[in-house]
Amino acid sequence: IKKLIAGVLAERVSQQKEKFDTGLLGAELLDIGSTGRDTNMPGDADFDFTLKLDKKDFAHAADIAREILSRMKFEENDSHSEAADYYQLRAKGVTSIGDITFEQPMDIDIGFAKKSDLGVFGSHDAISEKLDWIAKNQGENIKDEVIANIVLAKQILKEGHAYKRVEHGGFGGIGVENWILGHEGNAVSAFRSFYEHAHENGQRIPFEEFKKRYKILNAGMNVKHLF
């Protein structure tokens, strides 16, 4: 997927940023989905990216998206403009890219955003750094246990029809990961805390009151909803 995007960008934009380039100019691709952090549920082949374009290149975002789509085979195209400075490519049921055919269909989301002069620390980077810190300081096995707890939480929420995107009223994959990491990587502790804050004297409290009491902190900015 990244090679496809890079190939189209090489034809369509004035400049691309390398991985460790700290300059302000150039298209920048961010892998913001859980698949890139290995925290996705088994069999969940969804890929989520944000593509930040220089202001002059963003005017061609829809054309770039169409060129990317033209090199895929998919079941449904739900791409659309969400705002004056944001375009969403959403290909559902992608079965192949170029000559490469996949064993199972996957969904690919690429959000095209107009770059500002302000750099931000993304939620996806914050979570990756936390997981890397755990591996370095507590061991790879502990990191694997934390990831297993994240995946378990996502599976439970999905089975309960509560695993939803932010725009659909949930807190999405990033939210679940922050939630579990905020409870030392323990899904049982997170669910217990959630339940205890949602009840008082054995009775469930109003949702608006619950929101005031219960916070899930994000160490970075969710770039998908920032630009």
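What counts and how
- Residues numbered from 1 in each chain as written.
- Predicted model: local features only at pLDDT ≥ 70, side-chain atom pairs only at ≥ 80, totals over all residues.
- Heavy atoms only, no water.
- Helix = DSSP H or I, 4+ residues; strand = E, 2+ residues; numbered from the N terminus.
- Rg over C-alpha atoms; globule rule 2.2 N^0.38 Å.
- Contact = heavy atoms within 4.5 Å.
- Areas by Shrake-Rupley, 256 points an atom, 1.4 Å probe, with all protein chains shown as cover.
- Lys, Arg positive; Asp, Glu negative; His and termini not counted.
- Charge placed at Lys NZ, Arg CZ, Asp CG, Glu CD.
- Axes fitted to C-alpha atoms, helices over the stretch in contact; angles between N-to-C directions.
- Parallel < 35°, antiparallel > 145°, perpendicular 65-115°, else oblique.
- Left-handed = near helix turned anticlockwise from the far one by under 90°.
- Nonpolar A, V, L, I, M, F, W, Y, C, P; charged D, E, K, R; others polar.
- Patch = residues over 30% accessible without salt bridge, like charges linked within 9 Å, V, L, I, M, F, W, Y side chains within 5 Å.
- Salt bridge = Lys/Arg side-chain N within 4 Å of Asp/Glu carboxyl O.
- Buried < 20%, exposed > 50% of the residue type's maximum accessible area, 1.4 Å probe, protein only.
- Phe/Tyr/Trp six-rings, centres within 6.5 Å; stacked < 30°, edge-to-face > 60°.
- Arc of directions from axis to C-beta.
- Core = buried A, V, L, I, M, F, W, Y, C linked by side-chain atoms within 4.5 Å.

Draft legend 1. View of the overall build of the protein. For the protein, the count of helices and strands is eight helices and nine strands. For 227 residues, the compact-globule estimate of 2.2 N^0.38 gives 17 Å, and the protein sits close to it at 19 Å. Seen along its three principal axes, the alpha-carbon backbone of the protein occupies a region of about 60 × 40 × 40 Å. Contacts in the protein between residues far apart in sequence, at least 24 positions, make up 59% of those at least 6 positions apart. Working note: accessible area of the protein is about 13,200 Å², and carbon and sulfur atoms make up 50% of it. Looking at the protein, you have 30 positive and 37 negative side-chain charges, and the mean spots of the two groups are 3 Å apart.

Draft legend 2. Highlighting the packing of helix H5 (residues 140–159) against helix H6 (residues 172–181). In the contact formed by H5 and H6, the axes pass within 10 Å of each other and the chain directions differ by 125 degrees. In this view, H5 runs oblique relative to H6, as classed from their interaxial angle. As H5 packs across H6, the resulting crossing turns out to be right-handed. Between H5 and H6, the contacting residues are Val146, Asn149, Ile150, Ala153, Lys154 and Leu157 on the first element and Gly173, Val176, Glu177, Trp179, Ile180 and Leu181 on the second. Among the residues making up the contact of H5 with H6, the classes are represented as eight nonpolar, two polar and two charged.

Draft legend 3. Inspection of a nonpolar patch on the surface at higher detail. On the surface, a nonpolar cluster with roughly 210 Å² of combined accessible area is contributed by Phe171, Phe194 and Ile216. Tracing the sequence through the fold places phenylalanine 194 in helix H7 (residues 187–198). Accessibility expressed as a relative area gives 31% for phenylalanine 194, which makes it partly exposed.

Draft legend 4. Fine view of the packing of aromatic side chains. Applying the stated criterion to the full structure yields seven aromatic pairs. Between tryptophan 179 and phenylalanine 191, the ring centres sit 4.9 Å apart and the planes meet at 75 degrees, which makes this aromatic pair edge-to-face. Pair noted here: tryptophan 179 is in helix H6 and phenylalanine 191 is in helix H7, with a separation of twelve residues, a long-range link. A residue is classified by how much of its surface remains accessible, and tryptophan 179, at 2% relative accessible area, is buried.

Draft legend 5. Looking closely at helix H1 (residues 2–12). If you check which residues of H1 are buried, you get Leu4, Ile5, Val8 and Leu9. An end-on view of H1 places all buried positions within 130 degrees of arc, on one side of the element. Exposed side of H1, more than 90 degrees from the buried face: Lys3, Ala10 and Glu11 are the residues found there. Close packing links the buried residues of H1 with strand S1 (28–31), strand S2 (46–53), helix H3 (61–70), strand S3 (72–73), strand S6 (86–97) and strand S7 (100–114).

Draft legend 6. Structural view of the nonpolar core. Leu53, Ile68, Met72, Ile110 and Phe112 are the most contacted members of the largest nonpolar core, which has 25 residues in total. Elements with a minimum of two residues in this core: H1, S2, H3, S6 and S7. Once residues lying within four places of it in the same chain are set aside, the contact partners of isoleucine 68 are Leu4, Ile5, Val8, Leu89, Ile110 and Phe112. By size, the runner-up hydrophobic cluster in this structure holds 21 residues, among which are Leu131, Ile150, Val176 and Ala198.

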